[in-house]
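Chain and residue survey
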Amino acid sequence: MTGASSSKNLGSLDWLAALKRLAIAGDPAVLVTVSSVKGSTPREAGTKMVVTAEDFHGTIGGGHLEYRCLEIARDILRDEPDGRMRQLESFPLGPTLGQCCGGHAEVLFEAVAVEDVEGFAPDPHALLVTPLASGEGTMYLRAPFAGEEIEGSPRIATEAGREVLIQRIGDRHPQVFLFGAGHVGQAVVRALEPLPFAVRWIDSRAELFPKEWPANVRLEVTDKPDLQVEAAEANALYLVMTHSHQLDLEICERVLRRGDFTYLGLIGSETKRARFGRRLRIKGVTREAVDRMTCPIGIPGITGKHPAEIAASVSAQLLVACERVSAAQRSPREEEPGATDKSLLRRPGTGKTA
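Conventions used here
- Residues numbered from 1 in each chain as written.
- Predicted model: local features only at pLDDT ≥ 70, side-chain atom pairs only at ≥ 80, totals over all residues.
- Heavy atoms only, no water.
- Helix = DSSP H or I, 4+ residues; strand = E, 2+ residues; numbered from the N terminus.
- Buried < 20%, exposed > 50% of the residue type's maximum accessible area, 1.4 Å probe, protein only.
- Contact = heavy atoms within 4.5 Å.
- Pairing = 2+ DSSP bridges.
- Core = buried A, V, L, I, M, F, W, Y, C linked by side-chain atoms within 4.5 Å.
- Expected span 1.5 Å × (residues − 1).
- Polar contact = N/O pair within 3.5 Å; in protein donor to acceptor, adjacent residues only side chain to side chain.
- Axes fitted to C-alpha atoms, helices over the stretch in contact; angles between N-to-C directions.
- Phe/Tyr/Trp six-rings, centres within 6.5 Å; stacked < 30°, edge-to-face > 60°.
- pLDDT = per-residue confidence, 0-100.
- Salt bridge = Lys/Arg side-chain N within 4 Å of Asp/Glu carboxyl O.

This paragraph deals with the environment of Asp 260. Its place among the elements puts Asp 260 in the loop between α5 (245-258) and β14 (261-266). On the basis of relative accessibility, which here comes to 27%, the residue Asp 260 falls in the partly exposed class. Distance from Asp 260 to Asn 235, taken between C-alpha atoms, is 5.5 Å for residues 25 residues apart in sequence. Not counting the four nearest positions on each side in its chain, Asp 260 is found in contact with Ala 234, Asn 235 and Ala 236.

The element strand β5 (residues 104-112) is extensively covered by neighbouring structure, given that seven of its nine residues are classed as buried. Pairing of strand β1 (residues 29-38) with β5, which is carried by nine bridges, proceeds in the antiparallel orientation. In the sheet register, Lys 38 faces β5, and the bridge partner there is His 104. As defined by bridge partners, strand β4 (residues 86-92) adjoins β5 across seven bridges and the pair is classed as antiparallel. Within the sheet, the bridge partner assigned to Glu 89 lies in β5 and is Val 107.

Before going further, it helps to spend a moment on the sheet that holds strand β15 (residues 293-294). One key point about sheets: their strands pair by backbone hydrogen bonds, in either a parallel or an antiparallel sense. Strands sit in the order β12-β11-β10-β13-β14-β15 across an open sheet of six strands; the sheet is parallel. A strand with exactly one partner marks an edge of an open sheet, and here the two such strands are β12 (217-221) and β15. As paired strands, strand β13 (residues 236-240) and β14 are joined by five bridges and run parallel to one another. Among the inter-strand pairings, Leu 239 is bridged to a residue of β14, identified as Gly 265.

Counting residues in hydrophobic clusters, the biggest one holds 25 residues, and the most contacted among them are Leu 178, Val 188, Phe 197, Leu 237, Leu 239, Met 241 and Leu 318. Sort the elements by how many residues they give to this core and helix α8 (residues 307-330) lands first, with six residues. In contact with Phe 197, not counting residues within four places along its chain, are His 173, Pro 174, Val 176, Leu 192, Asn 216, Leu 237, Leu 318, Leu 319 and Cys 322.

This part is about unusual backbone geometry. Leaving glycine out, the prevailing phi sign among residues is negative, and the prevailing peptide bond configuration is trans. Pro 296 follows Cys 295 through a cis peptide bond whose omega is 0 degrees. When you line up the elements, Pro 296 lands in the loop between β15 and α8. Here the phi dihedral of Asn 235 falls at roughly 70 degrees; this positive angle occurs in a residue that is not glycine. Its place among the elements puts Asn 235 in the loop between β12 and β13. Residue classification places Asn 235 among the partly exposed positions, given a relative accessible area of 35%.

The end-to-end C-alpha separation of α5 is 20 Å, in line with the 20 Å expected for 14 residues at 1.5 Å each. Buried within α5 we find Leu 247, Asp 248, Leu 249, Ile 251, Cys 252, Glu 253, Val 255 and Leu 256. Its side-chain oxygen placed 3.3 Å from the backbone nitrogen of Gln 246, Ser 244 serves as the N-cap of α5. Within two residues after α5, Gly 259 carries a phi angle of roughly 85 degrees, on the positive side.

Another point: the sheet that holds strand β7 (residues 140-142). The four strands are arranged β7-β6-β9-β8 in an open sheet whose pairing can be described as antiparallel. The sheet is open, and its two edges are formed by β7 and β8 (155-159), each paired on a single side. Neighbour-to-neighbour, the strand axes of this sheet turn through a mean angle of 40 degrees, independent of strand direction.

To continue, consider the packing of aromatic side chains. Taken as a whole and judged by the stated rule, the model has two aromatic pairs. Residues Phe 177 and Tyr 238 carry aromatic rings whose centres are separated by 5.8 Å and whose planes lie at 45 degrees to one another, so their mutual orientation is tilted. Note that Phe 177 is positioned in strand β10 (residues 175-179) and Tyr 238 in strand β13, a separation of 61 residues in sequence. Taking relative accessible area as the criterion, Phe 177 reaches 1% and is therefore assigned buried. Where Trp 201 meets Phe 209, the ring centres are 5.0 Å apart and the plane angle is 85 degrees; that geometry is what we call edge-to-face.

Averaged over the protein chain, the pLDDT score is 84; the fraction of residues at 70 or greater is 84%. Predicted confidence for residues 1-12 stays below pLDDT 50, and this span has 27 contacts to residues more than four positions away or in other chains. Low pLDDT (under 50) marks residues 332-354, which in the prediction has 75 contacts with non-local residues, meaning those over four places away or in another chain.

One pass over the structure, following the stated rule, counts 16 salt bridges. Arg 205 is paired through a salt bridge with Asp 203; the nearest N and O atoms lie 2.9 Å apart. One network of salt bridges, in which partners are shared, links Arg 142, Glu 148, Arg 155 and Glu 159.

Now the structure itself:
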């Protein structure tokens with residue numbers, strides 16, 4: 001099972017895997033990176049696209065910006081197919097480029113050789129350092145310096161007397177713990193495939209899992225699904241939709257007692273929520289904790305009960321929850337991570353049932 005891609009051959013590979021495959025095959029490629037942005041732009045800083053003479057993998061947002069970047073990358077491939085050409089281009093996204101975003105993007109173009117990337121591996125703790133000028137050495141990995149910030153957007157800095165682009169080589173995607181491999185669970189997995197989540201899909205019934213699953217999904221077959229809650233990182237997101245209401249309750253109790261979650265969604269109706277709320281309170285879970293549980297799941301205004309409709313609505317809700325955490329981290333005036341916006345994370349009046 002593969003995700004959407006502009007390339008016929010590279011499928012759902014990330015940029016590094018795609019670049020390695022091309023380099024090993026001897027197919028020249030240019031790595032295109034949005035190095036910095038100001039104002040409104042189609043994609044954020046750090047977005048990458050791999051370009052060959054006849055194809056490309058990934059997208060930096062489409063439109064005239066992407067079209068122009070494809071042209072520049074292919075000019076580099078034509079003029080210096082065996083070189084390590086680098087150039088930094090600046091694009092005001094206004095009428096001259098045929099885009100009305102109004103922002104500004106700087107884009108780095110790098111012709112990459114196999115020896116440049118053969119030893120690289122995605123590592124969220126490593127930094128990729130790329131000299132911006134040609135003839136100043138190849139890109140390389142290094143560990144963060146003491147006290148160096150590795151979160152956030154790529155940045156341009158001076159290192160060893162050279163101007164370089166510094167960025168993380170691997171992303172730490174938010175964890176989604178999905179309990180239940182029924183029809184809705186399978187639809188959710190399909191909906192999350194192209195999205196920036198690391199999904200752990202958990203059920204006791206191995207026969208329900210498909211023969212193929214997306215690259216961002218890890219399967220867990222266990223007789224004790226509720227114990228998987230302890231394996232989650234802080235600020236994980238949880239979706240609970242098992243075949244058993246008792247198991248749903250046990251999982252929700254464990255998540256609520258942990259407390260360090262971004263989102264807890266329980267499939268079901270308002271009636272199920274009320275029943276679970278009473279039982280959790282009897283078990284000693286605080287009212288404040290129970291109030292953080294989202295049930296019914298999905299964003300307001302989408303009332304369809306087809307698995308694909310539920311999956312689309314829940315996927316949007318997960319994105320909203322993560323964006324709220326990001327906004328809170330950017331500004332101390334925002335709500336604390338894990339706080340819920342009831343207008344977006346609650347769906348009163350609907351009746352989705354497990």
